[in-house]
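Architecture at a glance
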Number of protein chains: 2
Amino acid sequence: MNTKRIGKYTLKFDSKPSILSHASVASKKESQGPLADMFDVINDDTTFGQTSWEKAESQMQKLAFHKALEKCELNLTDVDFIFAGDLLNQCVSSSFASRESQIPFMGVYGACSSMAETLILSSIMVDGGFATNTCAITSSHFCTAERQYRFPLEYGGQRPPYSQWTVTGSGCAIISDNQPNLPYIAYATCGKITDFGITDANNMGAAMAPSAYDTLTNFFADTNTKPTDYDLIVTGDLGKVGSDILKKLFAKDGVDISKTYDDCGLMIYDATQDVHAGGSGCGCSASVLCSYILNNMCNKTFKNVIFAGTGALLSPTTVLQGESIPSICHVVNIKID
Amino acid sequence: MNTKRIGKYTLKFDSKPSILSHASVASKKESQGPLADMFDVINDDTTFGQTSWEKAESQMQKLAFHKALEKCELNLTDVDFIFAGDLLNQCVSSSFASRESQIPFMGVYGACSSMAETLILSSIMVDGGFATNTCAITSSHFCTAERQYRFPLEYGGQRPPYSQWTVTGSGCAIISDNQPNLPYIAYATCGKITDFGITDANNMGAAMAPSAYDTLTNFFADTNTKPTDYDLIVTGDLGKVGSDILKKLFAKDGVDISKTYDDCGLMIYDATQDVHAGGSGCGCSASVLCSYILNNMCNKTFKNVIFAGTGALLSPTTVLQGESIPSICHVVNIKID
């Protein structure tokens, strides 16, 4: 019985599953950007003391998880479930990171929308009475992603101006039973797979923007709210190209989202950092959410935020086969009273 | 509040989320095995009328989903969520299969444990009041998996005797509000990631067996039951090597599981089919569950079944880097009154 839904697509979490704690990890390039002061853990290079980039990415997830636990004074044994995802084939950053934790593990794949997906599944577990504390965590690494999706770094391939730069970072949120005075997840709208025929693997923003438009439109309709009701509407990560398309899609409906709209991929780097259309990767929206956004919710600068995780379900194999890029967007509404 | 749990790890679904319908799809080799008469859709070759094996795998998921809907007389618009997974990088079989469905989609990755993971998440959604009908679906394809994980088929690489054969198949279950006289999901135990140091990518059975032992042991402890309480305990898919290890691990505890124990990888092919240690792949446990097992539950031959999905979270990249193979097992207890 759909007792925990409103409208056609939106889940409502009456028990207010709380974000008990959050932590972010970033690397050198991210620490030179506008959010430098917000990250909990920063490494001076991309290795995080490991011997491969894949291991470095797992290490980032471990650091984010342990920092988040430390901040809320929980132990590993207090966490009922880990929901984790990343960009690597077989989601190895996540599985290797959780290998020693001895916590029940559920792997998700939603490309850059994964952080939103882990938040939604965590909220469902807590609100549904299946868990007391869950961990929602994702990561990405520039060097692991480049060699998997595009070219070995040593090749020095040129990037087109509309390409995005995979963030080397991780974000972790601990979702718990309702606790007063903390940000909580009020609503969530899960996205459908959309495909508008983009076949250029570098143009992910254009592929994802229609997904973001679709799920956000469903969310506003189901909750009977409008963009100006929110302090911040943030996508993660459409970059410059996708963000402009999203604003235009809403403008066609006579809706101006630009007053409160931003994109994690545009927030994490500044114009001097030569990242072209902005940041991307599961670690981008996760690290921006678990630093700037949640920090500013905890101090009540923002009290009502839409976090829209957007993923290009891009595969190098299907792109070479001439297929277009399916995309998805999951929306999470985070509030603090 | 953990109101829907028993013991340390096990979820209990008091509302009895029902398996309203199930359907299976298989290819030529599977149709020559012992379960030939049980599959709903069989194709005479591995292409399913498509121009690539990746498209063929997506087509199998579409066929399984539509057949399952047809059997319970539901429309696409009646389904609230799809939980889907497969073995391909970026889970493309699942995302491309769901592209036209216009149904909210949650991608999971748990290798061959994915069918159990989608069943658990579907049950949580229904039992928690977040959905009326959900779809749990996975697939695998021998030809897509071989070229991704091992070698191009044209290479004709020799397979060691302990290797498993990826099933070309798909299974789909529609999980719904409690309905009388149908199989329902009573309990589920989510697994932790275990790693016993296996580094041979062909020896997945040995890598997964300790996971199966761990989650099954937790399930028996939490539910205060023993193997002989069940009509069938089925892993999916440990194959010959892993199944023997699992039986030995239980025997060490003085527990004999062999009377009611079987493995989907050993059920789907017979000894004459030259598959070495048995079947594997997300589509193996899914197609055996959604044919032989659920058919025999619907006719009440089996009334209390443990379905233990086992996944080797194997990555060609990390194997080449010398890493061992982390594994996971999720347990689902299906009953019919």
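As shown above, the structure is provided for reference.
This write-up is about the structure you can find in this document. (Residues numbered from 1 in each chain as written. Chains lettered and ligands numbered in written order. Predicted model: local features only at pLDDT ≥ 70, side-chain atom pairs only at ≥ 80, totals over all residues. Heavy atoms only, no water.)

**A closer look at the pairing of strand β7 (residues 133–140) of chain A**
All names here are of chain A. Within β7, 8 of the 8 residues are buried, which leaves it mostly tucked inside the rest of the structure. The alternating pattern of β7 places Asn133, Cys135, Ile137 and Ser139 and Thr134, Ala136, Thr138 and Ser140 on opposite faces, both of which are buried. Examined bridge by bridge, strand β5 (residues 81–86) and β7 share 6 bridges and lie parallel to one another. Within β7, the position partnered with alanine 84 by the bridge is isoleucine 137. Of the strand pairs in this sheet, β7 and strand β9 (residues 169–176) are connected by 8 bridges, and their pairing is antiparallel. If you follow serine 139 over to β9, its bridge partner there is serine 170. (Buried < 20%, exposed > 50% of the residue type's maximum accessible area, 1.4 Å probe, protein only. Helix = DSSP H or I, 4+ residues; strand = E, 2+ residues; numbered from the N terminus. Pairing = 2+ DSSP bridges.)

**With respect to the relation of the copies chain B and chain A**
Turning chain B through 180° and shifting it by 0.0 Å along the axis lays it on chain A, with an RMSD of 0.0 Å. Accordingly, the operation relating the two chain copies is best matched by a two-fold axis. For chain B, the minimum C-alpha distance to the rotation axis belongs to valine 108 of chain B and amounts to 2.0 Å. Comparing contact sets, 100% of the residues at the interface of chain B also lie at the interface in chain A, consistent with an isologous, same-surface contact. (Least-squares fit on C-alpha atoms with pLDDT ≥ 70 in both. Contact = heavy atoms within 4.5 Å.)

**Brief notes about helix α9 (residues 282–298) of chain B**
Residues and elements named next belong to chain B. A rise of 1.5 Å per residue sets the reference length of α9, with its 17 residues, at 24 Å; its end C-alpha atoms lie 23 Å apart and thus fit the reference within 8%. Summarising burial for α9: 14 of the 17 residues are buried, a large majority. Just downstream of α9, lysine 300 is the residue with a positive phi angle, here 65°. (Expected span 1.5 Å × (residues − 1).)

**Let's talk about the nonpolar core**
Judged by nonpolar contacts, the single largest core of 106 residues is most densely connected at Phe65, Ile174 and Leu216 of chain A together with Phe65, Ile174 and Leu216 of chain B. Setting aside anything within four residues of it in sequence, one finds phenylalanine 65 of chain B in contact with Leu76, Val79, Ile82, Ile103, Cys135, Ile137, Cys172 and Ile174 of chain B. Core analysis: the second largest hydrophobic core is formed by 102 residues, Ala26 and Phe302 of chain A together with Ala26 and Phe142 of chain B among them. (Core = buried A, V, L, I, M, F, W, Y, C linked by side-chain atoms within 4.5 Å.)

**Things to note about the pattern of salt bridges**
The final tally for this structure, using the stated rule, is 34 salt bridges over all chains. Arginine 99 of chain A is the salt-bridge partner of glutamate 323 of chain B, the closest N and O atoms lying 3.3 Å from each other. Placement of glutamate 323 of chain B in the loop between α10 (316–320) and β15 (327–335) and of arginine 99 of chain A in the loop between α3 (92–97) and β6 (105–107) is noted, with the two residues assigned to different chains. A residue is classified by how much of its surface remains accessible, and glutamate 323 of chain B, at 14% relative accessible area, is buried. Note on arginine 99 of chain A: relative accessible area 17%, which makes it buried. Sharing partners across several salt bridges, the network here consists of Lys55 and Arg99 of chain A together with Asp195 and Glu323 of chain B. (Salt bridge = Lys/Arg side-chain N within 4 Å of Asp/Glu carboxyl O.)

**Comments concerning the interface of chain B and chain A**
Each partner contributes to the interface: chain B provides 64 residues, whereas chain A provides 64 residues. Together chain B and chain A conceal approximately 5,300 Å² of surface at their shared face, both sides included; 59% is due to carbon and sulfur atoms. For the chain B face of the interface with chain A, the top three residues by lost area are Gln90, Phe130 and Ile193 of chain B, together amounting to 15%. For the pair chain B and chain A, the interface holds 8 salt bridges. Taken together, the links from chain B to chain A amount to 30 residue pairs in polar contact (both at pLDDT 80 or more). By residue class, the composition of the side of chain B that touches chain A is 30 nonpolar, 20 polar and 14 charged. (Buried area = accessible area lost by both parts, 1.4 Å probe. Polar contact = N/O pair within 3.5 Å; in protein donor to acceptor, adjacent residues only side chain to side chain. Nonpolar A, V, L, I, M, F, W, Y, C, P; charged D, E, K, R; others polar.)

**Re the packing of helix α4 (residues 114–127) of chain A against helix α9 (residues 282–298) of chain A**
Between two packed helices, the angle of one axis relative to the other and the distance separating the axes together describe the packing. Residues and elements named next belong to chain A. The geometry of α4 relative to α9 is characterised by a closest axis approach of 8 Å and an angle of 60° between their N-to-C directions. Looking at the two axes, α4 sits oblique to α9. Between α4 and α9, the contacting residues are Ser114, Met115 and Leu119 on the first element and Cys282, Ser285, Ala286, Leu289 and Cys290 on the second. Across the contact of α4 with α9, the residue classes break down as 6 nonpolar, 2 polar and no charged. (Axes fitted to C-alpha atoms, helices over the stretch in contact; angles between N-to-C directions. Parallel < 35°, antiparallel > 145°, perpendicular 65-115°, else oblique.)

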